[in-house]
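Residue-level listing of the chains:
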Amino acid sequence: MNFNITYKPKQFNLSGLNGISDKTLEMHFKLYEGYVKNTNTLNEKIADFMKDGRVDQEEMPAYSEITRRLGFEYNGMVLHERYFENMKKGGEAEPAKTSPFYKAAEQSFGSFDIWRSEFSSIGNMRGVGWAICYEDPATGYLSNHWITLHEIGNVAGFIPALVMDVWEHAFLLDYKPADRPKYIEAFFSNIDWSAVERRLQRIAPQHTTATTKGR
Ligand SMILES: [Fe+2]
């Protein structure tokens, strides 16, 4: 990433969500702003290392640590933005059956319900991280993935279409740790499917470079 870029925290108007309290959101926005700040701070440090045009041998350990941390902070920033942006007050648990996402899920998984079932199962995995439904822009196929922390498991070149935070801070003020399924249900009821579909690069799978098993 370019260390000369300074990122600004985005603002999200999400009060009044279903099952995710304003208190949780306020805390979560502050946490997100921390990722933006830390991304900028690390980039400034990297810019400082690079001021003389190279990373000197004695600088390498500190430079390496900062660069690794940048992967965590930067992905933490971007995934939170995607997460907040794919929710809205008055969202819906399911997109219209004629919608691009619904069709892409059917073509990729056999049915929307199978897609949703797997996405929710990933969200219920133990550990902190994210459940993300990606689109492969080369084929239009969707696939669901578990992301550990923020930076481990992202698929190079895939587009994060639907992003769900399953770190405990996302729901602990509203639900007990064992009640993560209730949070996932609440998340689904708030999805802004039009925001999700704006991210899709293909309207529907093209069946050109990939085929699903058994079909
Ligand atoms: Fe979070």
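Predicted, not measured: the structure shown is a model, and the values here were computed from it.

(A) Up close: the overall build of the protein. A tally of helices and strands in the protein yields six helices and three strands. Start at the N end of the protein and walk to the C end: the helices and strands fall as α-α-α-α-β-β-β-α-α. Whereas a compact globule of 215 residues would reach a radius of gyration of roughly 17 Å, the protein reaches 19 Å, a difference of no more than 12%. Going through the 215 residues of the protein one by one, you find that 45% of them count as buried.

(B) Highlighting the nonpolar core. Formed by 50 residues in total, the largest nonpolar core has its most connected members in Tyr83, Phe101, Trp115 and Tyr183. In this view, Tyr183 contacts Ile20, Tyr83, Met164, Asp165, Val166, Ala170, Phe171 and Tyr175; residues no more than four positions away in its chain are not counted. If you look at the next biggest cluster of nonpolar residues, it comprises five residues, including Leu42, Ile46, Ile66 and Leu70.

(C) Molecular detail of the packing of aromatic side chains. Inspection of every chain in the model, using the stated rule, returns 23 aromatic pairs. Between Phe101 and Trp115, the ring centres sit 4.9 Å apart and the planes meet at 75°, which makes this aromatic pair edge-to-face. Within this pair, whereas Phe101 is found in helix H3 (residues 100-109), its partner Trp115 is found in helix H4 (residues 112-123), the two being separated by 14 residues in sequence. You'll find Phe101 and Trp115 in the same group, each marked buried.

(D) Inspection of the coordination of the iron ion at higher detail. Protein-derived coordination of the iron ion comes from His28 (NE2), His80 (NE2), Asp165 (OD) and His169 (NE2), at a distance range of 1.9 to 2.1 Å. Coordination at the iron ion comes from four donor atoms whose angles at the metal span 87 to 139°, giving a geometry best classed as irregular. Read from N- to C-terminus, the donor residues coordinating the iron ion fall into the pattern H-x51-H-x84-D-x3-H. Of this pair, His80 sits in helix H2 (residues 60-85) while His169 sits in the loop between strand S3 (159-165) and helix H5 (180-189), and the two are 89 residues apart along the sequence. Given the relative accessible area of 0%, His80 is considered buried. Here His169 falls in the buried class, since its relative accessible area comes to 18%.

(E) Just the sheet that holds S3, in detail. Spatial ordering of the open sheet is given by S2-S1-S3, a layout of three strands whose pairing is antiparallel. Two strands lie at the open edges of the sheet, namely strand S2 (142-148) and S3, each paired on one side alone. Direction aside, neighbouring strands of the sheet carry axes that sit 25° apart on average. Two strands pair when backbone bridges link them, and strand S1 (residues 129-135) and S3 are joined in this way by six bridges, in the antiparallel orientation. Note on S3: the bridge partner recorded for Tyr134 is Pro160. This element, H2, spans S1, S2 and S3 of the sheet and lies at about 80° to S3.

(F) Quick look at the confidence of the model for the protein. Summarising the model, the protein shows a mean pLDDT of 94, and 93% of its residues fall at 70 or more. Considering only residues more than four positions removed or in separate chains, one finds that residues 205-210, a stretch of pLDDT under 50, has 15 contacts.

(G) Quick peek at the pairing of S1. S1 sits mainly inside the fold: seven of its seven residues count as buried. By the bridge criterion, seven bridges tie S1 to S2 in an arrangement that is antiparallel. For Gly129, the partnering residue across the bridge sits in S2 and is Thr148. Connecting S1 to the antiparallel partner S2 that follows it, the hairpin turn spans six residues, and Gly140 within it adopts a positive phi of roughly 85°.

(H) Local environment of the packing of H4 against H5. Relative to each other, H4 and H5 sit at 135°, their axes nearing to 10 Å. Taken together, H4 and H5 sit at an angle that is classed as oblique. Once H4 is placed against H5, the crossing between them reads as right-handed. Within the contact between the two elements, H4 uses Trp115, Arg116, Phe119, Ser120 and Gly123 and H5 uses Arg180, Ile184, Phe187 and Phe188. Looking at the contact of H4 with H5 residue by residue, the class counts come to five nonpolar, two polar and two charged.

(I) Examining the pattern of salt bridges more closely. The full count for this structure, using the stated rule, is nine salt bridges. Measuring nitrogen to oxygen at the nearest pair gives 3.4 Å for the salt bridge that ties Lys10 to Glu85. One end of the pair, Lys10, is in the segment before helix H1 (22-49); the other, Glu85, is in helix H2, and 75 residues separate them in sequence. When its relative accessible area of 39% is taken as the criterion, Lys10 is described as partly exposed. The shortest N-O distance in the salt bridge between Glu94 and Lys97 comes to 3.8 Å. Glu94 sits in the partly exposed class, given a relative accessible area of 29%. Owing to a relative accessible area of 55%, Lys97 belongs among the exposed residues under this scheme. A single salt-bridge network, built from bridges that share partners, covers Lys10, Glu81, Glu85 and Arg199.

Criteria and thresholds
- Residues numbered from 1 in each chain as written.
- Predicted model: local features only at pLDDT ≥ 70, side-chain atom pairs only at ≥ 80, totals over all residues.
- Heavy atoms only, no water.
- Helix = DSSP H or I, 4+ residues; strand = E, 2+ residues; numbered from the N terminus.
- Rg over C-alpha atoms; globule rule 2.2 N^0.38 Å.
- Buried < 20%, exposed > 50% of the residue type's maximum accessible area, 1.4 Å probe, protein only.
- Core = buried A, V, L, I, M, F, W, Y, C linked by side-chain atoms within 4.5 Å.
- Contact = heavy atoms within 4.5 Å.
- Phe/Tyr/Trp six-rings, centres within 6.5 Å; stacked < 30°, edge-to-face > 60°.
- Donors = N, O, S within 2.8 Å, 3.2 Å for Na, K, Ca; no water.
- Tetrahedral: all angles 85-135°; square planar, octahedral: opposite > 155°, others 65-115°.
- Pairing = 2+ DSSP bridges.
- Axes fitted to C-alpha atoms, helices over the stretch in contact; angles between N-to-C directions.
- pLDDT = per-residue confidence, 0-100.
- Parallel < 35°, antiparallel > 145°, perpendicular 65-115°, else oblique.
- Left-handed = near helix turned anticlockwise from the far one by under 90°.
- Nonpolar A, V, L, I, M, F, W, Y, C, P; charged D, E, K, R; others polar.
- Salt bridge = Lys/Arg side-chain N within 4 Å of Asp/Glu carboxyl O.

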